[in-house]
Amino acid sequence: VAAPAILTNASSVLALSTSNRFLRAGERMRALAAELQTVTSTAEKDLLIRQVGRVEKQALLLLTALRGAYVALGAFAAASLVSIVGAGLASTNFLIASHATVVLGILVGFVGAGGLIAACLNLFRATRLSLLNISEEAALIRQRESQRAA
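We now turn to the structure provided with this report. Here the structure is a predicted model, which means the values were calculated and not measured.

**A closer look at the nonpolar core**
(1) Moving on: Ranked by size, the top nonpolar core spans 23 residues in total, and within it Leu14 and Leu48 carry the most contacts.
(2) Moving on: Elements represented by at least two residues in this core include exactly α1 (2–38), α2 (42–90) and α3 (95–149).
(3) Moving on: Every residue in contact with Leu14, bar those within four places of it in the chain, is listed here: Ala69, Leu116, Ala119, Cys120 and Leu123.

Here it is as structure tokens:
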């Protein structure tokens, strides 16, 4: 009973942080749109367009991760409930029902674990996209600074 409850809490925290990241991706998209209106250099426009594509893909990955976290959250909550019902049935003569709750609890737990794994994989992919954008922005900053120094 304790493991599904702990994993429910972990899934909740993951869903909350993923929601925040999703909102930040939306803010970043609006900032890129505003920056595109002011940039005159073709190279910088190309860079910003690439970043717009990455931020869009990142938002889709975050949304997929959020779905996985919600599936995990629901599955672990269900596994907790099934475990409680199974514990109640274990002390009765309803052996078939008791065994069925064990099997159901394990299956629902696996669904939850799958949701968490899927969410984490998508978060990892979204983080890689963020790193690409950060690296390009850092290179642009260095380039601008070297041009100012020259």
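Now that the structure is up, let's keep going.
**Focus on the packing of α1 against α3**
(1) Moving on: Axis separation between α1 and α3 bottoms out at 12 Å; the angle between their running directions is 30°. Taken together, the axis directions place α1 and α3 in an arrangement best described as roughly parallel. By crossing handedness, the relation of α1 to α3 is classed as left-handed. Mapping the contact onto sequence places Leu7, Ser11, Leu14, Thr18, Arg21 and Arg28 in α1 and Leu116, Ala119, Cys120, Leu123, Ala126, Thr127 and Glu137 in α3.
(2) Moving on: Residue composition of the contact of α1 with α3, grouped by class: seven nonpolar, three polar and three charged.

**Side note on the layout of surface pockets**
(1) Moving on: Here the largest pocket is characterised by a volume of approximately 210 Å³.
(2) Moving on: What lines the largest pocket is Arg21, Arg24, Ala25, Arg28, Val55, Gln58, Ser130, Asn133, Ile134 and Glu137.
(3) Moving on: Among the secondary structure elements, those contributing two or more residues to the lining of the largest pocket are α1, α2 and α3.
(4) Moving on: Residues that form the lining of the largest pocket fall into these classes: three nonpolar, three polar and four charged.

**Considering the packing of α2 against α3**
(1) Moving on: Remark: α2 packs on α3, axes separated minimally by 7 Å, with the N-to-C direction vectors making an angle of 160°. Judged by the inter-axis angle, α2 sits roughly antiparallel to α3. As for the relative orientation of α2 and α3, their crossing is left-handed in sense.
(2) Moving on: Looking at side-chain class alone, the contact of α2 with α3 contains 28 nonpolar, 14 polar and eight charged residues.

What counts and how
Chains are numbered independently. Their residues run from 1 in the order of the written sequence. Given that this is a predicted model, residues contribute local features only at a pLDDT of at least 70 and side-chain atom pairs are listed and counted only at 80 or more, while totals for whole chains, interfaces and linings are drawn from all residues. Only hydrogens and water are set aside; all other atoms, that is, all heavy atoms of the structure, feed into the side-chain values. In this text, buried Ala, Val, Leu, Ile, Met, Phe, Trp, Tyr and Cys residues form a nonpolar core when linked through side-chain atoms within 4.5 Å. Here's how the labels work: a residue is buried when its accessible area is under 20% of the maximum for its type, exposed when over 50%, partly exposed in between, all with a 1.4 Å probe on protein chains only. Secondary structure follows DSSP: runs of H or I at least 4 residues long count as helices, runs of E at least 2 residues long count as strands, and numbering of each begins at the N terminus. Residue contacts are counted whenever heavy atoms from the two residues lie within 4.5 Å of one another. Helix axes are fitted to C-alpha atoms over the stretch in contact, other axes to C-alpha atoms as well, and angles between N-to-C directions run from 0 to 180 degrees. Should an angle lie under 35 degrees it is considered roughly parallel, over 145 roughly antiparallel, and from 65 to 115 roughly perpendicular; all remaining angles are considered oblique. We call a crossing left-handed when the near helix sits turned anticlockwise from the far one by less than a right angle, and right-handed when that turn is clockwise. Polar here means any residue other than Ala, Val, Leu, Ile, Met, Phe, Trp, Tyr, Cys and Pro, which are nonpolar, and Asp, Glu, Lys and Arg, which are charged; Gly is therefore polar. We place a 1 Å grid over just the protein atoms. Points where a 1.4 Å probe fits but has no way out form a cavity, open points with protein on both sides within 12 Å along at least 5 of 7 lines form a pocket, and any residue with an atom within 4 Å of a point lines it. Grid points are joined across faces, edges and corners, and a volume is the space filled by probe spheres set on the points.

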